[in-house]
Amino acid sequence: MPLYMDVHKVEGASPKDVAGAHEKDLETQHKHGVKYLKYWHDAESGKIFCLVDAPSAEAAAAVHREAHGLVADEIFEVEEHS
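Residues numbered from 1 in each chain as written. Predicted model: local features only at pLDDT ≥ 70, side-chain atom pairs only at ≥ 80, totals over all residues. Heavy atoms only, no water.

Colleague: Looking at this structure, I do not really get the overall build of the protein chain. What am I missing?
Modeller: Within the protein chain one finds two helices and four strands. Helices (α) and strands (β) of the protein chain occur, in sequence order from the N terminus, as β-α-β-β-α-β. A compact globule built from 82 residues should have a C-alpha radius of gyration of about 12 Å, and the protein chain, at 12 Å, falls within 12% of that. With the C-alpha coordinates aligned to their principal axes, the bounding extent of the protein chain is approximately 30 × 30 × 20 Å. Summarising the internal contacts of the protein chain: among those between residues at least 6 apart in sequence, 67% fall at separations of at least 24. Surface summary for the protein chain: the accessible area is close to 5100 Å², and the carbon and sulfur share equals 51%. (Helix = DSSP H or I, 4+ residues; strand = E, 2+ residues; numbered from the N terminus. Rg over C-alpha atoms; globule rule 2.2 N^0.38 Å. Contact = heavy atoms within 4.5 Å. Areas by Shrake-Rupley, 256 points an atom, 1.4 Å probe, with all protein chains shown as cover.)

Rendered as structure tokens:
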């Protein structure tokens, strides 16, 4: 499956808020054939980044929409390289 990185612009989100939203994603992801792998939170810039294994960008967005309503501002298909 393709990998996607999404970007959320969310001012004022605490690490606890972000962790809670991620937990909701994990509870919902199976309904859409998606697997959220990792997330990063930059509180200073108000950005959250999520790495997701998903059949499509739309499926990844559907998980966020259903889980907590915090849809990404941008979603990029990415390739992993070491």
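What follows picks up the thread again.
Colleague: Is there a simple way to think about the side chain of histidine 64 in this case?
Modeller: As for its placement among the helices and strands, histidine 64 is situated in helix H2 (residues 57-67). On the basis of relative accessible area, histidine 64 is assigned to the buried category, the value being 1%. Looking at histidine 64, its side chain comes within polar contact range of the side chain of aspartate 6, at 2.8 Å. (Buried < 20%, exposed > 50% of the residue type's maximum accessible area, 1.4 Å probe, protein only. Polar contact = N/O pair within 3.5 Å; in protein donor to acceptor, adjacent residues only side chain to side chain.)

Colleague: Got a minute to help me understand the pattern of salt bridges in this structure?
Modeller: Pairing between side chains of opposite charge can happen when the charged atoms of each approach one another. Evaluation of the coordinates by the stated rule reveals one salt bridge. For lysine 31, the salt bridge goes to glutamate 66, with nearest N and O atoms at 2.8 Å. Placement of the pair is lysine 31 in the loop between helix H1 (15-28) and strand E2 (35-42) and glutamate 66 in helix H2, with a sequence separation of 35 residues. Residue glutamate 66 is classed as partly exposed on the basis of its relative accessible area, which comes to 40%. (Salt bridge = Lys/Arg side-chain N within 4 Å of Asp/Glu carboxyl O.)

Colleague: How do you make sense of the packing of H1 against H2 when you look at a structure like this?
Modeller: Packed helices, taken two at a time, are described by their axes: the angle between them and the distance between them. At a minimum axis distance of 9 Å, the contact between H1 and H2 shows a crossing angle of 115 degrees. Judged by the angle between their axes, H1 and H2 are roughly perpendicular. Here H1 and H2 pass one another in a crossing that is right-handed. Facing Lys24, Asp25 and Thr28 of H1, the residues of H2 in contact are Val63, His64, Glu66 and Ala67. When its residues are assigned to classes, the contact of H1 with H2 shows two nonpolar, two polar and three charged. (Axes fitted to C-alpha atoms, helices over the stretch in contact; angles between N-to-C directions. Parallel < 35°, antiparallel > 145°, perpendicular 65-115°, else oblique. Left-handed = near helix turned anticlockwise from the far one by under 90°. Nonpolar A, V, L, I, M, F, W, Y, C, P; charged D, E, K, R; others polar.)

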